[in-house]
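These are the residues of each chain, in order.
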Amino acid sequence: MYDPRSMAADDFIDDGEIRETLEWASANKDNRALIESILDKAELRKGLSHREASVLLECTIPDLNERIYKLANEIKNDFYGNRIVMFAPLYLSNYCVNGCVYCPYHAKNKHIPRRKLTQGEIAAEVEALQDIGHKRLAIEAGEDPVNNPIEYILESIKTIYSVKHRNGAIRRVNVNIAATTVENYRALKEAGIGTYILFQETYNKESYLKLHPTGPKHDYDYHTEAMDRAMEGGIDDVGLGVLFGLELYRYEFAGILMHAEHLEAVHGVGPHTISVPRVKRADDINPDDFDNGIDDETFLKIIACIRIAVPYTGMIISTRESKSVRERALHLGISQISGGSKTSVGGYAEDEEEDTSQFEVSDQRPLDEVVRWLIDMGYTPSFCTACYREGRTGDRFMALCKSQQIQNCCLPNALMTLKEYLIDYASPETKEKGDAMIAREIETIPNDKVREIVRERIGLIEKGERDFRF
Ligand code: SF4
Ligand code: SF4
């Protein structure tokens, strides 16, 4: 029985409810009156239910589809302005006991080199990441209680925060590790993590069980209920995601929105972020082996509809996607992107890396080029990590975000962290363009006092001071 308040995965991701939603959405895909009424509701910027959003995703009426894209762009501007937050993944270990059929780290892959970074190697990776300008990382590790126990992850987080190379610092570590216990989530919270990210991969239980034939991840309920345990352990910023291409995208779309509704209903706070990865080629993985691949147009429509359905949730796109797809996705609601990423273990510090990549990177440009590209398109790259350091997490963050008051922090923080980046890491061309952008954007800060403080702090950054934040 569908019940968003239930703590049982089968109830809050109820298969029957998803199937009825898809039928209803399909039956109404050209119902102009209904779609217009849903869009009118969406204009209020308070979000939509999974049922309403599923109708928008199905909509076949061209002028209403245009309205969907336009609204997604407007909502993105209202909540996030022109800022794009930057991050990089850091792979700690590719040892894994699971059997996920779409990932080259699956336990049966005997030819991929296995590696686990030592604390010294992690420090070298972090130095390399700091030296290109990153301040925010997402750490990744396979599930392996022997090689990657929670103690290893906690020690690694400590190492990452301790490295200070030149003016560099990692100020926010987001964590993407397997579903675990409340106790372990509590320990991660105490270690000072930002967001806990766990991709559901697919919300279709039957497919999930087939795609995860062996290992602890086979337990669909334990995996799907992980965010509830994370929140019980005190982590109030959690990041959802599905791997598009495994199952029917419509099913995943309804499922991820139902998961968001569940978190909101039970914990009073929805997901901090939603990621939208697509299956990619990798060591022994061929994306064509999966029947449900989605084309770029469908992918972009999914992004636009998620943006409209959960306006206050950050949306992340990685370097799995090409420059051109990322460019279009930015206009439709993406608020966070990775840049200059390596998806192999030890990939940042070492030139002659063994091929331990989790997936092929489509956008291989260095960070400086990504930053310049954003500036050229009128986006402000932001290296801001202020919120969790100022205690703005969970419902506190969401309240500020929903009322759009967070904007008073985001733009000033974006400009100050961009200034740090330009001085410490940018090429002369990027620096010139970035400085011109900062000069323009400062003028748009609405509050006179805040504008003055930002001007003053940018002067101090030029003199060598770092890490100002609102
Ligand atoms: S997706 Fe994660 S759990 Fe599955 S094989 Fe890859 S690293 Fe292991
Ligand atoms: S102020 Fe908070 S919401 Fe805004 S960019 Fe910084 S960390 Fe993100």
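This write-up is about the structure you can find in this document. (Residues numbered from 1 in each chain as written. Chains lettered and ligands numbered in written order. Predicted model: local features only at pLDDT ≥ 70, side-chain atom pairs only at ≥ 80, totals over all residues.)

**As for the overall build of the protein**
Looking only at helices and strands, one finds 20 helices and 9 strands in the protein. In terms of C-alpha radius of gyration, the protein reaches 21 Å, essentially the compact-globule figure of 23 Å for 470 residues. Residues counted as buried form 52% of the 470 residues belonging to the protein. (Helix = DSSP H or I, 4+ residues; strand = E, 2+ residues; numbered from the N terminus. Rg over C-alpha atoms; globule rule 2.2 N^0.38 Å. Buried ≥ 20, exposed ≤ 12 C-beta atoms within 10 Å, placed from the backbone.)

**A look at the site of ligand 1**
Around ligand 1, a shell composed of Cys 96, Asn 98, Cys 100, Cys 103, Tyr 105, His 106, Gly 142, Glu 143, Ala 178 and Lys 217 is seen. Residue classes in the shell around ligand 1 are distributed as 5 nonpolar, 3 polar and 2 charged. (Near = placed C-beta within 6 Å. Nonpolar A, V, L, I, M, F, W, Y, C, P; charged D, E, K, R; others polar.)

**Some words on the site of ligand 2**
Lining the immediate surroundings of ligand 2 are Val 85, Ser 382, Cys 384, Thr 385, Ala 386, Cys 387, Ile 406, Cys 409, Cys 410 and Asn 413. With 3 residues, the single largest contributor to the shell around ligand 2 is helix H18 (residues 407–424). Class assignment of the residues belonging to the shell around ligand 2 gives a composition of 7 nonpolar, 3 polar and no charged.

**Focus: helix H6 (residues 119–132)**
With 14 residues, H6 extends 20 Å from end C-alpha to end C-alpha; this agrees with the ideal 20 Å at 1.5 Å per step. Among all positions in H6, only Ile 122, Glu 125, Val 126, Leu 129 and Gln 130 are buried. Projected onto a plane normal to the axis of H6, the buried residues spread over an arc of 135° and lie on a single side. Taken from the residues just after H6, Gly 133 is the one with a positive phi, measuring 115°. (Expected span 1.5 Å × (residues − 1). Arc of directions from axis to C-beta.)

**Thoughts on unusual backbone geometry**
Positive phi is not limited to glycine here, since Arg 166 has a value of about 50°. Relative to the elements of secondary structure, Arg 166 occurs in the loop between helix H7 (150–162) and strand S3 (172–176). The class for Arg 166 is exposed, based on 10 C-beta atoms found within 10 Å. Notably, Asp 467 is not glycine yet its phi reads approximately 65°, a positive angle. Within the secondary structure, Asp 467 is located in the segment after helix H20 (448–462). By C-beta crowding, Asp 467 is classed as partly exposed, having 15 other C-beta atoms within 10 Å.

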